[in-house]
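Read off the chains here:
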Amino acid sequence: DAGITQSPRHKVTETGTPVTLRCHQTENHRYMYWYRQDPGHGLRLIHYSYGVKDTDKGEVSDGYSVSRSKTEDFLLTLESATSSQTSVYFCAISRDVDEQYFGPGTRLTVT
Amino acid sequence: AQRVTQPEKLLSVFKGAPVELKCNYSYSGSPELFWYVQYSRQRLQLLLRHISRESIKGFTADLNKGETSFHLKKPFAQEEDSAMYYCALNTPLVFGKGTRLSVIA
């Protein structure tokens, strides 16, 4: 597996609380992505980054923010978690506009 | 707008039977298409991409621009092929909703 880790791997939180998920890579790849995976929807892009401090919105960005202060870390923040954000979150990386490598996923439950 | 359609949520076949997972796309430019696979309790991984035109684990996929399709095929299904398969377009990837392939012994 490419050097991608996600933390935490599982989290249960209450509605209205802030949550931050971390994606860490050791591949020095330029691009990093956050997706969510939901039954019946496949994977949908939340945000992505094309360099340090360079980010852009994806298909389902509402309620999420991201930050990338260094190449290896891409943080996804839910400012005020809602039950609709219960999902499995995947981070991915790519060297260029090329094959993407995926992390192991984070299962988030918002009660 | 970019869109990927996988019409089957679930596809069940017997071991040794041919498999075809359908994928259609909508994109006005020149597409880059991929098939990703997710085995049980494993991370998503690339199965194949149209520009490489290679066969991976016996699977092939041909881009048909006229029909805007990129169907995944395998002549003889194996039990270990049981997984979730996603067709994806371009980068950042736009995914279809996925097809769960179940190969029955």
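Presented here is a report on the structure given in the accompanying data block. (Residues numbered from 1 in each chain as written. Chains lettered and ligands numbered in written order. Predicted model: local features only at pLDDT ≥ 70, side-chain atom pairs only at ≥ 80, totals over all residues. Heavy atoms only, no water.)

Here's the deal with the overall build of chain B
For the record, the criterion: The helix and strand labels rest on DSSP assignments: H or I over at least four residues marks a helix, E over at least two residues marks a strand, and numbering proceeds from the N terminus. Here the radius of gyration uses the C-alpha set of atoms, whereas the globule reference equals 2.2 Å times the residue count to the power 0.38. By the convention used here, residues are in contact when the closest approach between their heavy atoms is within 4.5 Å. Only the protein chains shown count as cover for residues, and all accessible areas are computed by the Shrake-Rupley method using a 1.4 Å probe.
Helix and strand counts for chain B stand at zero helices and 11 strands. Reading chain B from its N end, one meets helices and strands in the order β-β-β-β-β-β-β-β-β-β-β. In terms of overall dimensions, chain B is globule-like: its C-alpha atoms have a radius of gyration of 13 Å, near the 13 Å expected for 105 residues. Projected onto the principal axes, the alpha-carbon positions of chain B cover approximately 40 × 25 × 25 Å. At a minimum sequence separation of 6, the contacts of chain B that also span at least 24 residues come to 58%. Here chain B has roughly 5400 Å² of accessible surface; of this, 49% comes from carbon and sulfur atoms.

A word on the sheet that holds strand E3 (residues 19-25) of chain A
All names here are of chain A. Applied cut-off: Between any two strands, at least two bridges found by DSSP are needed for them to pair. In this analysis, axes come from line fits to C-alpha atoms, helices being fitted only over the stretch in contact, and the angle between any two N-to-C directions falls in the range 0 to 180 degrees.
With respect to topology, four strands assemble into an open sheet ordered E1-E3-E8-E7, the strand pairing being antiparallel. The open sheet has two edge strands with one neighbour each: strand E1 (4-7) and strand E7 (64-70). This sheet shows a mean twist of 20° between the axes of neighbouring strands, independent of strand direction. Summarising the sheet, E7 and strand E8 (residues 73-78) pair through five bridges and their orientation is antiparallel. Paired with Tyr64 across the bridge in E8 is Leu78.

Describing the sheet that holds strand E7 (residues 60-61) of chain B
The strands making up a sheet are joined through hydrogen bonds of the backbone, oriented either antiparallel or parallel. Residues and elements named next belong to chain B. Within the open sheet, the three strands sit side by side as E3-E8-E7. Their pairing is antiparallel. In the strand order of this sheet, the two ends are held by strand E3 (19-21) and E7, each with one partner. As paired strands, E3 and strand E8 (residues 72-74) are joined by three bridges and run antiparallel to one another. Within the sheet, the bridge partner assigned to Glu20 lies in E8 and is Lys73.

Here's the deal with the nonpolar core
So the rule is basically this: Here the nonpolar core consists of buried residues drawn from Ala, Val, Leu, Ile, Met, Phe, Trp, Tyr and Cys, with membership extended through side-chain atoms lying within 4.5 Å. Working definition: with a 1.4 Å probe on protein chains only, accessible area under 20% of the residue-type maximum means buried, over 50% means exposed, and in between means partly exposed.
Counting residues in hydrophobic clusters, the biggest one holds 24 residues, and the most contacted among them are B:Trp35, B:Leu47, B:Leu48, B:Phe70, B:Leu72 and B:Tyr85. Contributing elements (two or more residues each) for this core: strand E2 (10-14), E3, strand E5 (33-38), strand E6 (45-49), strand E9 (83-89) and strand E11 (99-104) of chain B. It is E9(B) that provides the largest number of residues to this core, a total of four residues. If we skip the residues at most four places from it in the chain, B:Leu72 touches B:Val19, B:Glu20, B:Leu21, B:Trp35, B:Leu47, B:Leu48, B:Phe59, B:Thr60, B:Ala61 and B:Tyr85. Core analysis: the second largest hydrophobic core is formed by 19 residues, A:Ile4, A:Trp34, A:Leu78 and A:Val110 among them.

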